[in-house]
Every structure is written in C-alpha cells, then in structure tokens.
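# A structural walkthrough
Chain by chain, the residues:
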There are 2 protein chains.
Amino acid sequence: MHEPTESPAPPATPAVLISEVGPRDGLQSVSAVMSTRHKRAWIDALHASGLREIEVGSFVPARMLPQMADVAEIVRHATALPGWTVMALVPNLRGALAALEAGVHKLTVPVSASEAHSLANVRRSRIDMVAVVREIVALRDATAPGVPVEIGMSTAFGCTLQGAVPEDEVVWLAGQLVAAGVDEIGLSDTTGMANPAQVRRLFGRVRAAIGDKTGSAHLHNTRGLGLANCLAAWDVGVRTFDASLGGLGGCPYAPGASGNVVTEDLVFMFEAMGVDTGVDLARLIAARETLRAGLPGEPLYGMVPDAGVPAGFPDRRPGGPERSGQIRTDDRH
Amino acid sequence: MHEPTESPAPPATPAVLISEVGPRDGLQSVSAVMSTRHKRAWIDALHASGLREIEVGSFVPARMLPQMADVAEIVRHATALPGWTVMALVPNLRGALAALEAGVHKLTVPVSASEAHSLANVRRSRIDMVAVVREIVALRDATAPGVPVEIGMSTAFGCTLQGAVPEDEVVWLAGQLVAAGVDEIGLSDTTGMANPAQVRRLFGRVRAAIGDKTGSAHLHNTRGLGLANCLAAWDVGVRTFDASLGGLGGCPYAPGASGNVVTEDLVFMFEAMGVDTGVDLARLIAARETLRAGLPGEPLYGMVPDAGVPAGFPDRRPGGPERSGQIRTDDRH
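Read on for a plain summary of the structure. (Residues numbered from 1 in each chain as written. Chains lettered and ligands numbered in written order. Predicted model: local features only at pLDDT ≥ 70, side-chain atom pairs only at ≥ 80, totals over all residues. Heavy atoms only, no water.)

## Here we look at the overall build of chain A
For chain A, the count of helices and strands is 13 helices and 8 strands. Counting every position in chain A, which comprises 333 residues, the buried fraction comes to 59%. Sequence separation of 24 or more characterises 74% of the internal contacts of chain A that already satisfy a separation of 6 or more. When the accessible area of chain A is evaluated, it comes to approximately 12600 Å², of which 53% is carbon and sulfur surface. (Helix = DSSP H or I, 4+ residues; strand = E, 2+ residues; numbered from the N terminus. Buried < 20%, exposed > 50% of the residue type's maximum accessible area, 1.4 Å probe, protein only. Contact = heavy atoms within 4.5 Å. Areas by Shrake-Rupley, 256 points an atom, 1.4 Å probe, with all protein chains shown as cover.)

Here it is in structure tokens:
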C-alpha cells in the first residue's frame, strides 16, 4: 500500500549525451595492445553503465595501429548491444568503406583546423581533407544513407606546431565541411590549450555559422581545465561531450597530466548539477576494473573514483535510495 | 625611436584577487612541521610571484597545532613585505587579540554553516559562534579599526556529518554575521561537495542578501570540480578566490584527491581567459621549490606545472615576449 504509485523510468533522452571515446582515443595513445576478449568485456561494462554513444576504434591499417587490428570484430560486438550508437574513426575513403561494411552506426572523420597540423598528421592540406570528406559522404549516400558523418575538428583551440589557430579559419572550415555534406562538426582541444572564455566564444561562433550541425565538445584535461571547459561549453548550448573512462588517452606530459576528460568525473559533475546523463555512476566506476584487467599497469585518472560520491548523491539504480526523477530537480542541495 | 610609446605597468588592481591559503590551510593539514626558516623562504617566493593576499597561519594554541607555534613571527615577517594583505585565522577572541598584536592586516574567522559541523568542530552552536564574532568585532573596533574581519563560512555547500545544508540557513547565517559587524563573508566547500549549478545559485542568493559583503570562494578539488566551480563563481560576480600552492591541504582521500584548488592551475585558467590575476605564473611555479624544500616528500598537485604553459601564453615579466597589456584582451587566441 505504501509503495510509490509513480515509479518513473530513466528518461529516454538524457539532457546531455556522454560519448565514450576510450576504446578509440584511449587505446591508440597507449603502447600496449589490448586483447579482443578484454576489449569486449570493457565495452560490455561501459554499455551496462547506461552510456548511449561509444567510439570503439579506428579503421586504419593494422601495421600503423596494431591496437586496432580487430576493429571490425569489435564493431560487430558493440553493435549487437542494444540502445546505443557505435561510432568508428575513419581517416579516409578506404577506412569508411571498411567501417560501413562492419556495420557502424556513425562515422567520425578527423580534420585539423590547423594547416600545419593537417600537413604533419595526414600529409594533406585542410582543403584536401574537405575533398576526402566529400568522397566519404558520397560513399555513405550511396551505400548507407542512414549513417551520420561527424567531423572531429582537431586543434580547434590551438596547435603546438603553429600556435594560435585563428577563429575565422575554424568557422570557415566548418562552413566548407557542411557544404561537403557532413551531419555534425565537433570541436577538439587536441593540445589542451583551450580556456573557458575561448570555448564559449568559439562554440558560439561556430553555432552562429552552422546552427544545429554543431556537434560535440572533445576537451582535454592536460592543464586541469577539462571540466571547467565542459561547463563553459554546456553554458553555450553544447549537449554532447566526449570523455574517456579513467582519462585513458593523450598523456603527453608527466604522470598526473591526463589527456582526455575523465568520464567518471564528467558524469559526476553533470549529475550533481541535476543534469541527467543517463549513466549509472556506480556501474561506470565499476567498469574501471575491466579496463585495468585489459591494460595492467596503465595509469587511470579520475578524482570521483578515489573520493567517492558525497552523501545524498542520487543513486540512479532501480531501488536506489532516491528515485531517478529527483536527480533532475535543481534544488536538492 | 621605435620603442613603444606606451609601456603599461601591470594594473594596480587585478581583475581577480587570488588569496593564497597554503601557509595556513595547507600546513595545518599535513603532519610535518615546517621550520620557520623554510616558511619565510616560501612566503618570500609567494610574494615575489605577485600575489596580493595571503593567509599565513592560525592563532591557536601550539599544543593543538604545532605547525602554527611560530605564527606571530611569521606574521611579522610577512607584513614587512610590501603590497599585499596578510591574513590570519582566529577561532576566538584570544586568537584575535594575539593576531592583532602581531600586526595582521585582516582577520578571518571560520563559522560552520552546518550546525552538526559547528558542534563537532568548535563545540559551539552557530549562534554561539555569531556571539564570538561579535566579541571579535568589538575588539577590532576598539583596538584596530582599520583591520577587516572576514568570515570563512565552512560546509556552506554540504557537510559530511549532516549531509545537505539548507541554502536558507546559509543565507540566514550570513545575515546574522553581517548584523554582528563583519566586513566580508566567503563561502567554503570544506567537504568537496559543491557543483557549479549550486555555486552559482548559492553565491547569487548570498549576494542578494548581503550585497558587496559577499567575499571569497574557497573551493576544493576533492572530486575534480575545483576549477569548474571557480568558473561558476566568477560567472556570478565572485572576484576573490582562495587557493593553495601545489594544492597543499585537505587531502582526506586517496592520493591524487587533492583538497584545495591549486593556485598555479587557477592562475593559469584566469590568465588564459584574459582575466588579470596580477600573478607571474612562472615565478609562482618556481615557488614550489621552496615548498618542496620545507616539506620534503609531501605530494604536490597541479597540472600546469607538469604540462607547462602553451606556446603563446603571455609572459608577464618585464621584458617578456608580450606586453602585460595584451593579456587583458579577449581575442588573442
């Protein structure tokens, strides 16, 4: 008789979409090669936490990135799990063909905002990369019209090779890519140079230019500003955030200087603010064990896994002490 | 002939005031006792970096905090250095008397927003602490009318003993303290429970209640949200931020879970945003050596000291590659 009459299911569409990039961005940054079996267990644990989007690998030659040799098999494994979008990175038409054959839900193509970075990284100018993107879009249109093509615009906030990247060039390049037919363009702080004022300004300018084709914020924690920059992006309307379990990936400096924003800390920040992520933080933290098992000895980052959640933090699991509906109110503190 | 005709001096009043709390909040959190000689060298290095405010110690019985046995001598040393405000923490009238005798520029009194924390920490209710504050203000009025009395309101964002702290009680307590005659009230996230939405809401409510008597944001990085919370406070008009060199102080959890916001990372964030702190980041990072020398083996935190500043980051020193005036523009990236 005293059971609550309303027992709300978790909302179908979270207020923010957390896009887990560890299996792609994380693995390609470490020297160890994770076994296919361990990758599967890690991806299963990430799925169980409630994540709705994941980037599972790169379609690049195995001789360049042996970590990605099993990418087609991993795509097939991940796409068999229900209720999430499985992405893969493709640098060129050949990669896109293989990714579509494997059955990815979404393609992501890296394009550098910095001309110097583009030439150094893929030996192509930016405008040549726009031509590559046009080919990928044509392939998609011909063979898999339901698969979105997203651009991750790297070095959008600065470049270690050329220094500052003019904002006008970021906006120009975004316009070129939209004209080439892409569905979404995210901005990446590849080098950990972004600051919150810049994040607000640049996302604002890009949104003014390309509207709702503005995509995810891929921000790094290289100088400790990862979450502050995510907050800044949220403030100007960004609703998709890339992050990596344990901050795996992009650790170019001393120990402690992690690269990617830590998924666990990012989910904690939004949930504590009352912004629904759809992710069960306890299960997400538990997923670290599968990552540890697959990459023994690799340092994992994150403050919330060490500190724990504070008393009163909502437990989203069925039967948890607070109903999931409560997490969305803004006055629970 | 080609020398610039305008050669702006650093602005007299920075856009934000960074209040260094390491010698008080940091030292009282570690078990080691730093020698007076090492404290002096550390404080000298902090002063040389351009910091304009520092909390150098607590006036408490040496048997309770042996780290603070030399606090009067340290106050005399710090106040002999020009151009900054030297503060000390005083928990009661006896401490305030000793601090004023030593010549502090400003008193700070901790008052808990959580009744449970107040009773556990100082064995006084909050309203009894308001009475103590009234005595301290009376002493100040009688003997040192130019010395401001600031409150650091601890557990304002949550309490590990009682859980949530009602915002109405924070606003009520702030009103009681203003009526008792204090000059400023800062809000402290003693337990690392604050989130950016809460920081904006609570500072907004307190400012609506007590106006420009709203003081500093004392935020912790326990769960990685330190800088995001500082950004949130900045967004709603807070202009004084407590921080600690190397994040020294308040490390109640596992290694990596630092307590205080790291001064180096905080200064980097604001300067990168074009918000002047008055602090020379290179000299601030150099000050870590004096801290290491005084507390060998104590872990120091901070991402910017490891990662370095990005290319193009303004050098504020005279003769640096960019004139200090440029740092205030918002379009240099």
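## Some points on the pattern of salt bridges
Taken as a whole and judged by the stated rule, the model has 35 salt bridges over all chains. Lys106 of chain A is the salt-bridge partner of Glu53 of chain A, the closest N and O atoms lying 3.5 Å from each other. Placement of the pair is Glu53 of chain A in strand β2 (residues 53-58) and Lys106 of chain A in strand β4 (residues 106-112), with a sequence separation of 53 residues. Taken individually, Glu53 of chain A and Lys106 of chain A each receive the classification buried, so the pair is uniform in this respect. One salt bridge connects Arg200 of chain B with Asp235 of chain B, and the closest N-O pair in it is separated by 2.7 Å. Residue Arg200 of chain B is located in helix α8 (residues 196-210), and its partner Asp235 of chain B is located in helix α9 (residues 226-235); the two are separated by 35 residues in the primary sequence. Through salt bridges with shared partners, a single network forms among Glu53, Lys106, Glu150 and Glu184 of chain A. (Salt bridge = Lys/Arg side-chain N within 4 Å of Asp/Glu carboxyl O.)

## A few points about the pairing of strand β5 (residues 149-154) of chain A
Residues and elements named next belong to chain A. For β5, the buried fraction is high: 6 of the 6 residues fall into the buried class. Of the two faces of β5, the one lined by Val149, Ile151 and Met153 and the one lined by Glu150, Gly152 and Ser154 are each fully buried. Pairing between β4 and β5: 6 bridges, direction parallel. For Thr108, the partnering residue across the bridge sits in β5 and is Glu150. In the sheet, β5 pairs with strand β6 (residues 184-188) via 4 bridges, with the strands oriented parallel. Residue pairing across strands places Gly152 opposite Gly186, the latter belonging to β6. (Pairing = 2+ DSSP bridges.)

## Let's talk about the sheet that holds strand β8 (residues 240-243) of chain A
All names here are of chain A. Spatially, the 8 strands close up into a barrel ordered β1-β2-β3-β4-β5-β6-β7-β8, and their pairing is parallel. The average undirected angle you get between the axes of adjacent strands in this sheet is 30 degrees. As defined by bridge partners, strand β3 (residues 85-89) adjoins β4 across 3 bridges and the pair is classed as parallel. For Ala88, the partnering residue across the bridge sits in β4 and is Leu107. Here helix α6 (residues 126-143) sits on the sheet and contacts β4 and β5; the angle it forms with β4, its principal contact strand, is near 170 degrees. Sitting on the sheet, helix α8 (residues 196-210) is in contact with β6 and β7 (214-218), with an inclination near 160 degrees to β7. (Axes fitted to C-alpha atoms, helices over the stretch in contact; angles between N-to-C directions.)

## A closer look at the side chain of Arg126 of chain A
All names here are of chain A. By the secondary structure assignment, Arg126 is in helix α6. A relative accessible area of 10% means that Arg126 is categorised as buried. In this structure the side chain of Arg126 is engaged in a polar contact, spanning 2.8 Å, whose partner is the backbone oxygen of Ala113. (Polar contact = N/O pair within 3.5 Å; in protein donor to acceptor, adjacent residues only side chain to side chain.)

## A word on α8 of chain A
With 15 residues, α8 of chain A extends 21 Å between its outermost C-alpha atoms, agreeing within 8% with the 21 Å of an ideal straight helix rising 1.5 Å per residue. Every buried residue of α8 of chain A is accounted for by Pro196, Ala197, Gln198, Val199, Arg201, Leu202, Phe203, Val206 and Ile210 of chain A. Contact partners of the buried residues in α8 of chain A: α7 (167-179), β6, β7 and α9 (226-235) of chain A together with α9 and α10 (263-272) of chain B. Its side-chain oxygen 3.0 Å from the backbone nitrogen of Ala197 of chain A, Asn195 of chain A forms the N-cap of α8 of chain A. The positive-phi residue at the C-terminal boundary of α8 of chain A is Gly211 of chain A, with phi of around 60 degrees. (Expected span 1.5 Å × (residues − 1).)

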